[in-house]
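A closer look at the structure
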Amino acid sequence: MEQKEHVLLAACRLPFQDDERFQSSLEELRSLTETAHGEVDKIVIQNRNKVHQALYLGQGKLEEIKTYIEEHEIDLVIINDELSPSQTKNISDFLDIAVIDRTQLILDIFARRANTKEGKLQVELAQLQYLLPRLYGQGKNLSRLGGGIGTRGPGETKLETDRRHIQRRIDDIRKQIQQVATQREQYRKRRKENKAFQIAIVGYTNAGKSTLFNRITNSQSFEENQLFATLDPLTRQVQLPSGFQALISDTVGFIQDLPTTLIAAFRSTLEEVREADLVLHMVDASHPDHVHHEKTVHKLLKELEADHIPMLNVYNKKDLLNEDFMPVSLPAITISANDPIDIKRLFDKIEEVLMKEWEPYQTYVHASKGDMLHRLSKHSIMTERDFLEEDEVYFVKGWINPDHPLYHQLRKE
Ligand SMILES: Nc1nc2c(ncn2[C@@H]2O[C@H](COP(=O)(O)OP(=O)(O)OP(=O)(O)O)[C@@H](O)[C@H]2O)c(=O)[nH]1
Ligand SMILES: [Mg+2]
């Protein structure tokens with residue numbers, strides 16, 4: 001068992017900040033810290049008109065923190081903001097202790113979690129890009145080579161080498177990511193050519209995406225009560241009640257104030273979402289701040305140019321809710337990912353949403369054309385199928401995606 005680091009969290013509250021939002025971002029910083037195996041000993045808040053340019057907090061407040069640190073054996077200070085390189089250094093010098101900011105904390109968690117080649121490369125790239133402008137004179141921070149929050153990953157071995165070396169590594173990683181991205185692109189193209197219908201599960205971190213994915217596919221996606229349990233997308237085949245077949249993907253969780261370096265690095269992973277035909281937006285409905293989580297996800301989907309894709313809002317963790325819960329966005333379904341009956345309801349709801357998007361059809365298929373019947377049952381939502389004995393034909397009715405080649409075939413017949 002890893003030794004837990006004792007952490008002090010510090011934040012500036014500015015006049016324009018909404019009180020509830022401020023509190024929940026602090027709560028989030030606390031769970032991020034715990035996810036990184038830190039233990040929060042104390043939270044220090046200072047109300048200010050603006051952030052202190054050199055020290056982030058005022059000098060008096062820092063004196064107070066320094067005294068606390070000395071009396072309570074704190075290992076690390078985490079600031080609930082993105083700091084400039086010089087702010088980090090100044091605070092660290094002042095307190096004579098390691099200081100990291102929110103971005104570095106999130107990078108650290110991503111470094112622990114990445115488990116495919118692409119995921120690891122992306123995290124390393126983001127960490128190096130974060131490190132580059134902060135190379136010189138990190139003082140106390142650099143002496144934490146033994147490890148601990150914020151030091152995992154590539155930083156620790158390369159700190160003493162020069163910028164050029166890091167720059168070369170960045171270029172190298174970029175090339176490798178590009179290669180993986182090209183492979184991914186080809187794979188995606190093949191799926192498109194096969195006209196596989198793609199469903200992406202997206203949502204704020206910890207909403208229950210992997211849990212749902214696992215219940216649906218019975219597969220072993222990594223699922224845990226931690227933030228960012230999933231960093232790499234997983235795709236499996238599913239069959240809806242009508243027989244319609246689709247691919248479904250689990251994706252990395254979203255978070256507010258995602259470090260810009262990471263957004264760039266994870267773009268190719270999240271590009272899967274842009275290619276999706278249907279988005280299942282999962283929301284932890286039991287989270288007090290779920291409305292804001294939803295907004296964050298919508299905003300990021302827009303940035304990814306994925307906001308035009310049909311969406312079903314899936315409000316999860318019903319078992320933790322009061323009965324009077326009302327969905328915020330429609331179309332919606334409220335479920336508990338662990339309840340098999342709810343999974344069945346979700347499947348029905350997905351078909352309902354697709355039928356609204358698609359076109360109705362009805363046609364006769366001769367009994368000798370078993371292949372056509374099979375294709376229709378896989379690629380459309382077939383609602384009726386009757387065998388008319390005297391004519392040896394099937395009469396079928398259903399709903400079909402107008403983008404699917406079968407649609408045009410049906411119209412010709
Ligand atoms: N009570 C309750 N807990 C749930 C439900 N669904 C998921 N959870 C729990 O919520 C936690 C997070 O679930 P995950 O499936 O890992 O969440 P995720 O959205 O994949 O999270 P990231 O991969 O970190 O973005 C786990 O502890 C799950 O057991 C539910 O319906 N009810
Ligand atoms: Mg997950």
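Presented here is an overview of the structure given in this document. All values derive from a computational prediction rather than experimental measurement. Starting from 1, residues in each chain are numbered consecutively following that chain's sequence as written. Chains carry letters from A onward and ligands carry numbers from 1 onward, assigned in written order. It should be noted that, the model being predicted, local features are given only for residues of pLDDT at least 70 and side-chain atom pairs only at 80 or more, the latter also being counted only at that level, while totals for whole chains, interfaces and linings use all residues. Derived side-chain values reflect all non-hydrogen atoms in the structure, with water molecules and hydrogen atoms excluded from consideration.

**Let's talk about unusual backbone geometry**
Note that the residue after Leu330, namely Pro331, is joined by a cis bond; omega there is -5°. Comment: elements are numbered from the N terminus, with helices defined as DSSP H or I runs of at least four residues and strands as E runs of at least two. Within the secondary structure, Pro331 sits in the loop between strand S9 (311-316) and strand S10 (332-334). Notably, Glu73 is not glycine yet its phi reads approximately 50°, a positive angle. Per-residue accessibility, obtained with a 1.4 Å probe over protein chains only, is compared with the maximum for each type, and a residue is labelled buried under 20%, exposed over 50%, and partly exposed between these values. Exposure remark for Glu73: the relative accessible area of 65% places this residue in the exposed category. Although it is not a glycine, Asn206 adopts a positive phi angle of roughly 75°.

**Regarding the nonpolar core**
Working definition of a nonpolar core: buried Ala, Val, Leu, Ile, Met, Phe, Trp, Tyr and Cys residues. They are joined through side-chain atoms within 4.5 Å. Ranked by internal contacts, the top residues of the largest apolar core, which has 38 residues, are Ile78, Leu105, Val202, Phe254, Val273 and Leu301. Here this core gets five residues from one element, more than from any other, and that element is helix H4 (residues 102-113).

**A few points about the pairing of strand S4 (residues 98-101)**
Here S4 shows two buried faces, one formed by Ala98 and Ile100 and the other by Val99 and Asp101. Pairs of strands are assigned from DSSP output, requiring at least two bridges between the strands. Looking at chain direction, strand S3 (residues 76-79) and S4 are connected through four bridges and run parallel. Bridge pairing links Leu76 to Ala98 in S4. Viewed along the sheet, the connection from S3 through helix H3 (residues 85-95) into S4 turns out right-handed. By convention, a crossover is right-handed whenever its connection, traced from the first strand over the helix to the second and viewed with the strands pointing away, goes clockwise.

**Brief notes about the pattern of salt bridges**
Here, a salt bridge means any side-chain nitrogen of Lys or Arg that lies within 4 Å of a carboxyl oxygen of Asp or Glu. Evaluation of the coordinates by the stated rule reveals 15 salt bridges. A salt bridge links Arg30 to Glu27; the nearest nitrogen and oxygen atoms lie 3.6 Å apart. In this pair, Arg30 and Glu27 both sit in helix H1 (residues 19-35), three residues apart, roughly one turn of the helix. Classification of Arg30 by relative accessible area gives partly exposed; the value is 26%. Taking the shortest distance from any N to any O, the salt bridge between Arg169 and Glu124 comes out at 2.9 Å.

**Some thoughts on the packing of aromatic side chains**
Any pair of Phe, Tyr and Trp rings, taking the six-membered ring for Trp, is counted once the centres come within 6.5 Å. Such a pair is stacked with planes under 30 degrees apart, edge-to-face with planes over 60 apart, and tilted for the rest. Enumeration over the complete set of coordinates arrives at six aromatic pairs. Note on Phe387 and Tyr394: the rings are 4.8 Å apart at their centroids and 45° apart in plane angle, and the pair reads as tilted. On the basis of relative accessibility, which here comes to 40%, the residue Phe387 falls in the partly exposed class. Accessibility expressed as a relative area gives 22% for Tyr394, which makes it partly exposed. Through a chain of ring-to-ring contacts, three or more aromatic side chains come together here, namely Phe197, Phe244 and Trp358.

**Focus: the sheet that holds strand S12 (residues 381-388)**
The strand order across the open sheet built from three strands is S11-S13-S12, with neighbouring strands paired in antiparallel fashion. Two strands bound the open sheet, and with one partner strand each, they are strand S11 (359-366) and S12. Going across the sheet, the axis of each strand differs from the next one's by a mean of 15°, ignoring polarity. Looking at chain direction, S11 and strand S13 (residues 393-400) are connected through eight bridges and run antiparallel. Paired with Thr363 across the two strands is Val396, which belongs to S13. Only the stretch in contact is used when fitting a helix axis, every axis being a line fitted to C-alpha atoms; angles between N-to-C directions are given from 0 to 180 degrees.

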